[in-house]
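Now for the letters of each chain:
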Amino acid sequence: MTVSWILRCVECGAEHDGVELRYRCDCGGTLDVEHTFPHHLTRELFDARLGSPDALDRSGVWRFRELVLPLDREHIVTRGEGATWMYDAPSVARWTGLASLRLKHEGENPTGSFKDRGMTAGISMARRLGMTRVAVASTGNTSASAASYAAIAGMRAFVIIPDGQIAYGKLSQALAYGARTLQIRGDFDDAMRLVQEICDREGIYLLNSINPFRIEGQKGIGFEILQDLGWEPPDWIVLPGGNLGNNTAIAKAMEEALSLGLIDRLPRIAVIQAAGANPLYKAWHGDGTLVPVKADTIATAIKIGNPVSFTKSLTRVRRSNGVVEQVTDAEILEAKAHVDAAGIGAEPASCATVAGLRKLVAAGVIGADETVIGVLTGNVLKDPGVVVDYHRSDAPHANRPIPVDANYDAIKRALVR
Ligand code: F0G
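The structure displayed is predicted, hence computed values, not measured ones. (Residues numbered from 1 in each chain as written. Predicted model: local features only at pLDDT ≥ 70, side-chain atom pairs only at ≥ 80, totals over all residues. Heavy atoms only, no water.)

1. Observations regarding the domain arrangement of the chain
So, step 1. Each assigned domain of the chain is listed with its residue range as follows: domain 1 (1-36) and domain 2 (86-112 + 212-391).
So, step 2. Computed from C-alpha atoms alone, the centre-to-centre distance between domain 1 and domain 2 is 27 Å.
So, step 3. Taken together, the 10 residues of domain 1 in the interface contact 10 residues of domain 2.
So, step 4. Both sides of the domain 1 and domain 2 interface together cover about 860 Å² of buried area, and 58% of this is carbon and sulfur.
So, step 5. Of all residues in domain 1, Thr30, Asp32 and Val33 give up the largest surface area on contact with domain 2, accounting jointly for 45% of the area buried on that side. (Domains from an automatic or database assignment. Contact = heavy atoms within 4.5 Å. Buried area = accessible area lost by both parts, 1.4 Å probe.)

Shown next as structure tokens:
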């Protein structure tokens, strides 16, 4: 059976069959899904699905199925991903210097991160291809998501994670959902290199974002942002960058929405990297080539020195007239204190978004009155260790827990102190 998409190499432009089992071109380049879209794709079509009880319509990925991956229903594995809240965040806006700011909280996905959007597409493609075993390398969230979706699909999941470098919330999910969890004595970049080799040689389906269908699912964030805004594109979409799949996905969604007439201009994309894991930032402000770094940051989710989607990301951020910024761990933690204290909460990597935003506003790159959507990528519960350490420290916004004797007067005194 023929399908309505092909795989296109982002390096040499070669075309490959849409259901061929491959993640790279013969030249080594990564692959993009290129769709032939049907003609009837209108804002009204997608808006009409908002009130529908159909599981596919309720998913913030499959609601846009013609734009994401037109699979047969029997192949789709969904647990209602997406449909996340977009918060108006006035206190965070003030801190960044913006007149207003909205935060799209991808930590409200079923396993607590945006990865579920890509995973539902990747695991559905696994089912379409008849695969029974899947694997990922991960800084934590991808492994949590892959473990859950594989269990739901009745597949075996293998996850390869850097020993001692992933947050407990994420490790506990991979274990709980039953993935075979390999903690390697190495970093994420080692894990990423090894998982590609193992999948190729053992015939296991690779579900990292080098798998182009993962990117298609994550486009759902972009489409949903547009739908949340009544299809009025914002001036900026700001998000953290690690392996660089997510900014690629959102930028691709915007380009496709523009080509279909769903929007009339492209938002600019701002990618924020941790200063200790900043190969895109260095390339952007250098000669545009990838020089891998030895990554080090408290934001373990984005502790990545050799990102697989580098070329895709650089190309699309450029086409969006975007920017790349970097932030220190101290800036990430301060931003996180503001996001958390606003009652919204997000994991450290997510808060790179807000830290970067503050820098870009201060530098005059983003205007105070521009419309900005910040993407929070993961849930506050993912990394309780960082939160508790911060609030027990002397940090400027620490909300220290107070030890109190177990009697009425002691508690009353502590209330007012
Ligand atoms: N934010 C969070 C919370 C993440 O988990 C990740 C990536 C990113 C941002 C960066 O997104 O890689 O598409 O640029 N986490 C991956 C993982 C690498 O294994 O969970 P990216």
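2. What to know about the sheet that holds strand S13 (residues 372-376)
So, step 1. With respect to topology, six strands assemble into an open sheet ordered S4-S5-S13-S10-S11-S12, the strand pairing being mixed. With one partner strand each, in any of the chains shown, strand S4 (86-88) and strand S12 (323-327) form the two edges of the open sheet. Taken over all neighbouring pairs, the strand axes of this sheet differ in orientation by 25° on average, direction set aside.
So, step 2. One ladder, built from four bridges, connects strand S5 (residues 102-105) with S13; its direction is parallel. Bridge pairing in S13 links leucine 103 to glycine 374. (Pairing = 2+ DSSP bridges. Helix = DSSP H or I, 4+ residues; strand = E, 2+ residues; numbered from the N terminus. Axes fitted to C-alpha atoms, helices over the stretch in contact; angles between N-to-C directions.)

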